[in-house]
Amino acid sequence: MFATDLLAAYLQAKPRIGKVVDFDASHEKLYMFDFTSANAELSETLVADTDAFGKWIDKKLADNQCLYGIGGYMEHRTIYSRSAHFDTGNEPRRLHLGVDIWGAAGTFVYSPMPGNVHSFADNNNFGDYGPTIILQHKLEGLPLYSLYGHLSRESLVNLQHGQAVDANQQIGTFGNVTENGSWPPHLHFQLMLDVGDAQGDYPGVGQYSQKAQYLENIPDANLILAFSGFNAAAV
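The structure reproduced in this document is the subject of the present report. (Residues numbered from 1 in each chain as written. Predicted model: local features only at pLDDT ≥ 70, side-chain atom pairs only at ≥ 80, totals over all residues. Heavy atoms only, no water.)

Another aspect to go through is the nonpolar core. Counting residues in hydrophobic clusters, the biggest one holds 51 residues, and the most contacted among them are Ile-101, Leu-187, Phe-189 and Phe-230. When residues of this core are traced back to their parent elements, those giving at least two are helix H1 (3-11), strand E2 (68-71), strand E5 (99-102), strand E8 (130-139), strand E9 (142-149), strand E12 (186-192), helix H4 (211-217) and helix H5 (222-225). Sort the elements by how many residues they give to this core and E9 lands first, with five residues. If we ignore the near neighbours within four places in the chain, the residues touching Ile-101 are Val-20, Val-21, Tyr-68, Gly-69, Phe-174, His-186, Leu-187, Leu-225 and Phe-230. Phe-33, Phe-53, Leu-61 and Trp-102 belong to the second-largest nonpolar core, a separate cluster that totals 14 residues. (Core = buried A, V, L, I, M, F, W, Y, C linked by side-chain atoms within 4.5 Å. Buried < 20%, exposed > 50% of the residue type's maximum accessible area, 1.4 Å probe, protein only. Helix = DSSP H or I, 4+ residues; strand = E, 2+ residues; numbered from the N terminus. Contact = heavy atoms within 4.5 Å.)

This is the structure in structure tokens:
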């Protein structure tokens, strides 16, 4: 069974699920970004220039009067050509495994479920996560981990392995371009059933040929975001 099906079955019981970022669906909107080859606006020149790429994202949000941009689960993206970090082996990594929430640096990030700090690290490479936190959640009969990438360095201060985290507890903030792996500010939010021996890092972009394997371990994070009223189809 795919990981998304397992999580969806668990969520039918309507457990305690909170927010990942502050969002009021009654009056705030989301913009659905498309980072695939179908988006002709995304030239290699644009995405290679972090400042220009950030201004392009900001303009899309402003023009559409949206607080956040969102998207990405199992999206086959072109934007990773900007960094050699994703050029692995004979097949580059281009398949996005989590969900991105694009917004302002300093935006608060919360844990949507009770859990514990599994691990954290500053993955300080061009195109990488930058500061990253992985939480472990003890759901009934379902192991689940959540990953938060592209955070501020301040988010890692005073963290401890095993530290308890409650639902709706702030765990960090969006990092700026100088600390988040050189990306326009956003959060990479991802769920995993198993992280193996990973510590503070777990692939958020994979090879497209491995999609079937990823689907067995990585649920659609939109299932959790939906509890906060996220609905990208509104724009």
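The next point concerns the sheet that holds strand E7 (residues 115-123). Read across the open sheet, the eight strands follow the order E1-E2-E5-E12-E9-E8-E7-E10; overall the sheet is mixed. For this open sheet the edge positions go to strand E1 (30-32) and strand E10 (164-165), each flanked by a neighbour on one side alone. Here seven bridges tie E8 to E9, and the two strands are oriented antiparallel to one another. Across the sheet, the residue bridging to Ile-134 is Leu-147, located in E9. Along the sheet, H1 makes contact with E8, E9 and E12, crossing E9 at roughly 105°. (Pairing = 2+ DSSP bridges. Axes fitted to C-alpha atoms, helices over the stretch in contact; angles between N-to-C directions.)

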